[in-house]
Amino acid sequence: MRDIDVSDSDADFTRELESLSEEARQHIEERALRKMMPVLLKTLKPLVLGIEALSRATEAKTSLLGTLKKEAPA
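Structural notes, computed from the coordinates. (Residues numbered from 1 in each chain as written. Predicted model: local features only at pLDDT ≥ 70, side-chain atom pairs only at ≥ 80, totals over all residues. Heavy atoms only, no water.)

Regarding the overall build of the protein
For the protein, the helix and strand inventory stands at one helix and zero strands. The C-alpha atoms of the protein give 31 Å as radius of gyration, which overshoots the globular expectation for 74 residues (11 Å, by more than 25%). Taken over the C-alpha atoms alone, the protein extends approximately 110 × 25 × 10 Å along its principal axes. Within the protein, the proportion of its 74 residues that are buried is 0%. Split by element, the accessible area of the protein, about 7,300 Å² in all, is 63% carbon and sulfur. Side-chain charges of the protein comprise 12 positive and 14 negative groups, with the mean position of each set lying 20 Å from the other. (Helix = DSSP H or I, 4+ residues; strand = E, 2+ residues; numbered from the N terminus. Rg over C-alpha atoms; globule rule 2.2 N^0.38 Å. Buried < 20%, exposed > 50% of the residue type's maximum accessible area, 1.4 Å probe, protein only. Areas by Shrake-Rupley, 256 points an atom, 1.4 Å probe, with all protein chains shown as cover. Lys, Arg positive; Asp, Glu negative; His and termini not counted. Charge placed at Lys NZ, Arg CZ, Asp CG, Glu CD.)

Purely geometric numbers; function is a separate question.
Dropping the structure here:
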């Protein structure tokens with residue numbers, strides 16, 4: 001009777017199982033990230049709107065200061 005070397009097949013099985021496990025973990029993380037994106041965008045919307053308002057106000061005040069500087073007596 002021939003002895004079967006099970007250590008090689010066990011090692012192959014272990015590597016394959018680890019590979020499949022890592023692939024599954026990546027899919028789970030990607031799915032969680034896709035689900036989280038709309039929530040993250042909704043959470044950041046007030047911040048983005050505030051930054052846009054600040055930018056508009058800064059632009060308006062800069063324009064006003066430029067106008068005042070032109071009209072100021074030298």
